[in-house]
Amino acid sequence: MIRFGFIIGLLCTALGCGNDETTSDLSGSVSRVYSLSFDTTRSLMTEDELAIQYIDNGAVILQIVINRGQVGELEAGTYDLGMVGTVVGDRPEASLPDFVSGQVTLSTFSNSDGAAIEGSFAATVETSNNQYSVVGQFANQLTLVP
């Protein structure tokens, strides 16, 4: 029986069973002033930008945007959002505080419709009185929008 458990463990490791790296999440100190609850994520790419969206009840509550015109050829890698993008968000009860700085890492990326996209981001946002952090991971499929 121990041998069977060992084999299952090896298979899960090799096949990525329960791999936390492919989950999407949001966290950070900004949750004190802005709800980070969400249902799903999606990634949309137009000719001008890549948007990674966190969605709650059908509404986009947080979005990481990379301006493709400022990046050139988009590929896997890390991007300074202060230079080539932003993080924005809005809910009926509040807006995400203003974006200050951050970065996004695309660990898996291809510009093909339906391709896997995975990565993470970290940003600083601020109100007139305080700065807050917001961080997250995302994993979904890219949708090309004409």
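Counting from 1, residues in each chain are numbered in the order their sequence is written. At least 70 in pLDDT is required for a residue's local features to be given in this predicted model, at least 80 for side-chain atom pairs to be given and counted, and no such filter applies to totals for whole chains, interfaces and linings, which use all residues. Side-chain numbers come from the whole structure's heavy atoms, not from hydrogens or water.

**Structural notes on the pattern of salt bridges**
For this analysis, a salt bridge means a side-chain nitrogen from Lys or Arg found within 4 Å of a carboxyl oxygen belonging to Asp or Glu. Applying the stated criterion to the full structure yields 1 salt bridge. The closest approach of N and O atoms between Arg 91 and Asp 56, which form a salt bridge, is 3.0 Å. On the criterion of sequence distance, the pair formed by Arg 91 in strand S7 (residues 90–91) and Asp 56 in strand S3 (residues 49–56) is long-range, its members being 35 residues apart. As far as the burial class goes, Arg 91 and Asp 56 line up, both buried. Runs of E in the DSSP output that reach at least two residues are strands. Runs of H or I that reach at least four are helices, and both are numbered from the N terminus. Exposure categories follow from relative accessible area, calculated using a 1.4 Å probe and restricted to protein chains: below 20% of the type maximum is buried, above 50% is exposed, and the middle band is partly exposed.

**Let's talk about the environment of Gln 103**
Structurally, the position occupied by Gln 103 is in strand S9 (residues 98–108). For Gln 103, a relative accessible area of 41% translates into the label partly exposed. As a C-alpha pair, Gln 103 and Thr 86 span 17 residues in sequence and 9.0 Å in three-dimensional space. Two residues qualify as a contact provided that any one of their heavy atoms is within 4.5 Å of a heavy atom in the partner residue. Ignoring sequence-local partners within four residues, the contact set of Gln 103 consists of Thr 78, Tyr 79, Leu 81, Ser 120, Phe 121 and Ala 122.

**Some thoughts on the environment of Ile 52**
Tracing the backbone through its elements, the reader meets Ile 52 in strand S3. Taking C-alpha positions, Ile 52 is 8.7 Å from Ile 66, a pair spaced 14 residues apart along the chain. Residue contacts for Ile 52: discarding those within four places in its chain leaves Arg 42, Ser 43, Leu 62, Gln 63, Ile 64, Val 104, Leu 106 and Phe 138.

**Things to note about the nonpolar core**
Counting 29 residues, the largest nonpolar core has Leu 50, Leu 62, Val 104 and Leu 106 as its most contacted members. Listing elements by their share of this core, those giving two or more residues are S3, strand S4 (59–67), helix H3 (81–84), S9, strand S10 (116–126) and strand S11 (131–144). Remark: nonpolar core denotes a set of buried residues (Ala, Val, Leu, Ile, Met, Phe, Trp, Tyr, Cys) joined through side-chain atoms within 4.5 Å.

**Focus: the packing of aromatic side chains**
In this description, a pair of aromatic rings is defined by centroid distance and the angle of the planes. A pair of Phe, Tyr and Trp rings is counted when the ring centres sit within 6.5 Å of each other, with Trp represented by its six-membered ring. The angle between the planes then sorts it: under 30 degrees is stacked, over 60 is edge-to-face, the rest tilted. Counting across every chain of the model gives 2 aromatic pairs. Between Phe 38 and Tyr 54, the ring centres sit 5.0 Å apart and the planes meet at 90 degrees, which makes this aromatic pair edge-to-face. Of this pair, Phe 38 sits in the loop between strand S1 (25–27) and strand S2 (40–45) while Tyr 54 sits in strand S3, and the two are 16 residues apart along the sequence. According to the relative accessible area criterion, Phe 38 is partly exposed, its value standing at 22%. Where Tyr 54 meets Phe 121, the ring centres are 6.1 Å apart and the plane angle is 55 degrees; that geometry is what we call tilted. One end of the pair, Tyr 54, is in strand S3; the other, Phe 121, is in strand S10, with 67 residues separating them in the sequence. Judged by relative accessible area, Tyr 54 falls into the buried class, the value being 0%. With relative accessibility at 3%, the residue Phe 121 sits in the buried group.

**Quick word on the environment of Val 60**
For Val 60, the location among the structural elements is in strand S4. With a relative accessible area of 28%, Val 60 lands in the partly exposed category. When the C-alpha positions of Val 60 and Phe 38 are compared, they lie 8.9 Å apart, and in sequence the two are 22 residues distant. Excluding its chain neighbours within four sequence positions, the residues that come into contact with Val 60 are Arg 42, Gln 53, Tyr 54, Ile 55 and Asp 90.

Such coordinate-based values are descriptive only and should not be taken to indicate function.
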